[in-house]
Amino acid sequence: VIGGSNGGLMVGNMLVRPVASKLFGAAVCQVPLLDMKRYSHLLAGASWMAEYGDPDTDEWKFLRNHSPYQILRHDRLGLAEDGGAATAPDDSWTCPKVLFTTSTRDDRVHPGHARKMVKALMDAPSSKVPDLLYYENTEGGHGGAADNKQRAYMWALTYTFLADVL
């Protein structure tokens, strides 16, 4: 499964759901929106509140169910959430093989979304995350590449990853 931007949110949600994560052998998550608790405070995120909702209000109760970063940390890995108690890790979940790509200069979806998610996956037990790769282009914007040469490189990374792991 491959998705970028809002499609990255979809891929992120598929990665952290025990049933969905078993439906495919690998995932590519490009310039993803993943932390729905803090998205409205990063770059263009505030302009999306009419679409997604305001995580700083009671709307968070709904958004929480669609926030891959929080689901990973709290529901799958059992880490404490916002001052609450830690819970038991979810033994039924294993992350599929995954490649995250982002751009340092993305002016829409902050690269911190991908960085935080990758860090949380790196901190997980290795048995839960069998294959994790990350690539951050220092140029480009929301498309992840500044020109056709970089775009070709990004797609070569993607297809090489998929060819290697599938």
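Definitions and limits used
- Residues numbered from 1 in each chain as written.
- Predicted model: local features only at pLDDT ≥ 70, side-chain atom pairs only at ≥ 80, totals over all residues.
- Heavy atoms only, no water.
- pLDDT = per-residue confidence, 0-100.
- Helix = DSSP H or I, 4+ residues; strand = E, 2+ residues; numbered from the N terminus.
- Pairing = 2+ DSSP bridges.
- Axes fitted to C-alpha atoms, helices over the stretch in contact; angles between N-to-C directions.
- Contact = heavy atoms within 4.5 Å.
- Parallel < 35°, antiparallel > 145°, perpendicular 65-115°, else oblique.
- Left-handed = near helix turned anticlockwise from the far one by under 90°.
- Salt bridge = Lys/Arg side-chain N within 4 Å of Asp/Glu carboxyl O.
- Buried < 20%, exposed > 50% of the residue type's maximum accessible area, 1.4 Å probe, protein only.
- Polar contact = N/O pair within 3.5 Å; in protein donor to acceptor, adjacent residues only side chain to side chain.
- Disulfide = S-S within 2.5 Å.

1. Remarks on the confidence of the model for the protein
For the protein, per-residue confidence averages 93 on the pLDDT scale, and 100% of positions sit at 70 or higher. Looking at the elements of the protein, mean pLDDT is at its lowest for helix α2 (residues 49–52), recorded as 90, and at its highest for strand β2 (residues 26–30), recorded as 97.

2. Here's the deal with the sheet that holds strand β3 (residues 97–103)
Ordered by their spatial adjacency, 4 strands build an open sheet running β1-β2-β3-β4, and the pairing between neighbours is parallel. The open sheet has two free edges, formed respectively by β1 (2–4) and β4 (132–137), since each of these has just one partner strand. Each strand of the sheet is rotated relative to its neighbour by a mean of 10 degrees, with strand direction disregarded. Note: β1 against β2, 3 bridges, orientation parallel. From the neighbouring strand, G3 faces β2, where its bridge partner is C29. Its contacts with the sheet put helix α5 (residues 112–123) on β3 and β4, and the angle it makes with β4 is roughly 155 degrees.

3. Focus on the packing of helix α4 (residues 68–76) against α5
The description of two packed helices rests on the angle between their axes and on the distance between the axes. Running from amino to carboxyl end, α4 crosses α5 at an angle of 20 degrees, the nearest separation of the two axes being 10 Å. Classed by the angle they form, the pair α4 and α5 counts as roughly parallel. Crossing hand, α4 versus α5: left-handed. Between α4 and α5, the contacting residues are P68, Y69, L72 and R73 on the first element and K116, M117, A120 and L121 on the second.

4. What about the pattern of salt bridges?
This model, assessed by the stated rule, comprises 7 salt bridges. A salt bridge links D75 to R64; its shortest N-O distance comes to 2.7 Å. Highlighted residues: D75 in helix α4 and R64 in the loop between α3 (60–63) and α4, separated in sequence by 11 residues. The class of D75 is partly exposed, set by a relative accessible area of 31%. Notably, a salt bridge pairs R115 with E136, separated by 2.5 Å at the nearest N-O pair. With R115 in helix α5 and E136 in strand β4, the pair connects residues that are 21 residues apart, well separated along the chain. Salt bridges here are not isolated pairs; linked through shared partners, they connect D35, R38 and K116.

5. Here we look at the side chain of N137
Of note, N137 is situated in strand β4. A polar contact of 3.2 Å, which involves the side chain of N137, links it to the backbone nitrogen of E139. When residues no more than four places from it in sequence are discounted, the contact partners of N137 are T102, S103, T104, G144, A145, A146, Q150 and M154.

6. Observations regarding the environment of I71
When you line up the elements, I71 lands in helix α4. Using a relative accessible area of 2% as the deciding quantity, one classes I71 as buried. Through-space distance from the C-alpha of I71 to that of V16 is 6.6 Å; in sequence the pair is 55 residues apart. Discounting residues that sit within four places of it in the chain, I71 has contacts with N13, V16, R17, R64, N65, H66 and R76.

7. Re the state of the cysteines
Evaluation of the coordinates by the stated rule reveals 0 disulfides. C95 supplies the cysteine sulfur nearest to C29, a cysteine that is in no disulfide, at a spacing of 9.7 Å. Among the residues examined, C29 registers a relative accessible area of 0% and is labelled buried.

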